[in-house]
Amino acid sequence: APAPKPPRYTLPPPGADYILVKSPDARRRSEIATLARNTVDGLHTVEVSTTHDALDVLREAPKPPLIALVDAYDENDDGELDQDEMSWPLLRIIQRPCKPYKDHIRQTMVIFVSKTVHESPRHTLDVLSAGARISAEINQCVGCTRHFFTKSFLGDDAAVLAPRNRHRHAIE
């Protein structure tokens, strides 16, 4: 009998805060997840390689991720970022959830980790108008994540970066 396939992802423990990391590249996915885990003690990560798996996590997890870090790049080297490479279905569901997704996933902040998106005025406009943030480099996305948690737990400025307010700007 063939050996069972390993699970595509592992959901966080019930009630645990987590970051969803979506990257088709296993090395980059692991690097982003490690940096995100090191940002806040006790924070879990759920790592997925496809938009479909990310959508499954949103549907199956007991609570939404605090942040979805999306690694967007030209995976097939055709010179253009297509719908799946940009993870538009994931962003649309977070922005406007419909059944079977729960409405509370709107609270998830989306950060695109992409030099290509950061350098393209058209993609930048698309991402920002959809309520996401942009980071050109992996290390910048971690800084953005750290900034999110610092502001969110301070109180006075929490509304500035709270996920439900969809703070819209590119990270320089």
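Presented here is an overview of the structure given in this document.

Conventions and cut-offs
Residues numbered from 1 in each chain as written. Predicted model: local features only at pLDDT ≥ 70, side-chain atom pairs only at ≥ 80, totals over all residues. Heavy atoms only, no water. Helix = DSSP H or I, 4+ residues; strand = E, 2+ residues; numbered from the N terminus. Buried < 20%, exposed > 50% of the residue type's maximum accessible area, 1.4 Å probe, protein only. Contact = heavy atoms within 4.5 Å. Areas by Shrake-Rupley, 256 points an atom, 1.4 Å probe, with all protein chains shown as cover. Pairing = 2+ DSSP bridges. Polar contact = N/O pair within 3.5 Å; in protein donor to acceptor, adjacent residues only side chain to side chain. Phe/Tyr/Trp six-rings, centres within 6.5 Å; stacked < 30°, edge-to-face > 60°.

Concerning the overall build of the protein
(1) Moving on: Looking only at helices and strands, the protein features eight helices and five strands.
(2) Moving on: Overall, the protein shows an N-to-C arrangement of helices and strands of β-α-β-α-β-α-α-β-α-α-β-α-α.
(3) Moving on: Looking at the protein as a whole, 48% of its 172 residues qualify as buried.
(4) Moving on: For the protein, the proportion of contacts with a sequence separation of at least 24, taken over those separated by at least 6, is 70%.
(5) Moving on: On the protein, roughly 8,900 Å² of surface is accessible, and the fraction owed to carbon and sulfur atoms is 52%.

Thoughts on the pairing of strand S4 (residues 109-113)
(1) Moving on: Extensive coverage of S4 is indicated by the burial of five of its five residues.
(2) Moving on: Every second residue of S4 is oriented toward a common face, with Met109, Ile111 and Val113 on one face and Val110 and Phe112 on the other, all of them buried.
(3) Moving on: In the sheet, strand S3 (residues 67-71) pairs with S4 via five bridges, with the strands oriented parallel. Bridge pairing in S4 links Ile67 to Met109.
(4) Moving on: Relative to strand S5 (residues 133-135), S4 is paired through three bridges, and the arrangement is parallel. By the bridge assignment, Ile111 is partnered in S5 with Arg133.

Remarks on the environment of Met86
(1) Moving on: For Met86, the location among the structural elements is in helix H3 (residues 83-86).
(2) Moving on: Note: C-alpha distance between Met86 and Asp74 (twelve residues apart in sequence) is 8.8 Å.
(3) Moving on: In this view, Met86 contacts Val70, Ala72, Leu81, Phe112, Val117, His123 and Val127; residues no more than four positions away in its chain are not counted.

Some thoughts on the side chain of Ser114
(1) Moving on: Within the fold, Ser114 resides in the loop between S4 and helix H5 (115-119).
(2) Moving on: Accessibility expressed as a relative area gives 2% for Ser114, which makes it buried.
(3) Moving on: A polar contact is formed between the side chain of Ser114 and the backbone oxygen of Ala72, at a distance of 2.7 Å.
(4) Moving on: A distance of 2.9 Å separates the side chain of Ser114 from the backbone nitrogen of Val117, its partner in a polar contact.

Details of the packing of aromatic side chains
(1) Moving on: Summed over the entire model, instances satisfying the criterion amount to one aromatic pair.
(2) Moving on: With a centroid separation of 6.1 Å and 45° between ring planes, the pair formed by Trp88 and Phe112 is classed as tilted. Of this pair, Trp88 sits in helix H4 (residues 88-95) while Phe112 sits in strand S4, placing them 24 residues apart in sequence. For the pair Trp88 and Phe112, a shared accessibility class is recorded, and that class is buried.

A few points about unusual backbone geometry
(1) Moving on: In this structure, Pro100 follows Lys99 across a cis peptide bond, with omega equal to 10°.
(2) Moving on: Inspection of the secondary structure assignment puts Pro100 in the loop between H4 and S4.
(3) Moving on: A positive phi angle, near 55°, is found at Asp77, a position not held by glycine.
(4) Moving on: Checked against the element boundaries, Asp77 lands in the loop between S3 and H3.

Everything listed here is a matter of coordinates, which is why it stays silent on function.
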